[in-house]
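# Observations on the model geometry
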Amino acid sequence: GRAAAAQAALAAAAGFFAAQGNTVGVAAVALARAELALSRADAAQALGLADQAAQAFEQAGLVERRLRADGVRAQALLGLQHKAAAREGFDRTLEAARRYRLLPLQLRCLTGRALTATSAAEARADLEAAVALFEDQCRTLPGDEVRSAFQADHLLPFVELVRMELGRHDTQPGADAT
């Protein structure tokens, strides 16, 4: 269905950019393919594509795009259960994303850090930081429609915080399943 159509369109775009010698275009397609691979839980493919994109963006001097590729790379490492390497990637990328004020990447990294945390308190702190950052940014947006679109695109920290709370509730003695 849609994933196959997206793959076909991305393959065509990659071919077009490659024929023109546009390495940045090829890298952008590789990054889009990496995101698609993550959505299909193919972390190994996502990792290879994210590495390819990061290298090309680095060579082109496109720091913000390289950082986005680094974030995808960290997510792929997490998907491969390489939690320590994923944590390092999220930490490094978060620091740079803060410097460049890249909100979506900060949210992704904070959520990734929470998923690689070694304690519930650490995970909670990262998720709460992501939620606070999200809410601060959301307040500055004009109009309900714009805020709704922004919220729909940045819900992962909320989902993970709820999942964590539900897990905590399930493990508490005497917790009811109401």
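Residues numbered from 1 in each chain as written. Predicted model: local features only at pLDDT ≥ 70, side-chain atom pairs only at ≥ 80, totals over all residues. Heavy atoms only, no water.

## With respect to the overall build of the protein
The number of helices and strands found in the protein is 9 helices and 0 strands. When its helices and strands are written in sequence order, the protein yields α-α-α-α-α-α-α-α-α. A total of 178 residues make up the protein; the buried ones form 35% of that total. Put simply, of all contacts in the protein between residues at least 6 apart along the chain, 52% involve residues at least 24 apart. Carbon and sulfur atoms make up 55% of the accessible area of the protein, which totals about 10200 Å². (Helix = DSSP H or I, 4+ residues; strand = E, 2+ residues; numbered from the N terminus. Buried < 20%, exposed > 50% of the residue type's maximum accessible area, 1.4 Å probe, protein only. Contact = heavy atoms within 4.5 Å. Areas by Shrake-Rupley, 256 points an atom, 1.4 Å probe, with all protein chains shown as cover.)

## Brief notes about the packing of helix α4 (residues 63–79) against helix α6 (residues 103–115)
Running from amino to carboxyl end, α4 crosses α6 at an angle of 20°, the nearest separation of the two axes being 10 Å. In terms of their interaxial angle, α4 and α6 are classed as roughly parallel. The handedness of the crossing between α4 and α6 comes out as left-handed. Contacts from Leu67, Arg68, Gly71, Val72, Gln75 and Leu78 in α4 reach Leu105, Arg108 and Leu115 in α6. (Axes fitted to C-alpha atoms, helices over the stretch in contact; angles between N-to-C directions. Parallel < 35°, antiparallel > 145°, perpendicular 65-115°, else oblique. Left-handed = near helix turned anticlockwise from the far one by under 90°.)

## Here's the deal with the nonpolar core
With 22 residues, the main nonpolar core has Phe90, Leu105 and Leu107 as its most contacted residues. Those elements giving two or more residues to this core turn out to be α3 (43–60), α4, α5 (83–100), α6 and α7 (120–139). Look past the residues within four positions of Phe90 in its chain and what remains in contact with it is Gly71, Ala74, Gln75, Leu78, Arg108, Cys109, Gly112, Arg113 and Thr116. Listed in part, the 12 residues of the second largest apolar core include Ala27, Ala30, Ala54 and Ala56. (Core = buried A, V, L, I, M, F, W, Y, C linked by side-chain atoms within 4.5 Å.)

## As for α3
Under the 1.5 Å per step criterion, the end-to-end length of α3 is 25 Å for 18 residues, consistent within 8% with the ideal 26 Å. By the burial criterion, the buried members of α3 are Ala43, Ala46, Leu47, Leu49, Ala50, Ala53, Ala54, Ala56 and Phe57. Where the residues of α3 are buried, they touch α2 (23–39) and α4. Two residues or fewer past α3, Gly61 is found with a positive phi of approximately 75°. (Expected span 1.5 Å × (residues − 1).)

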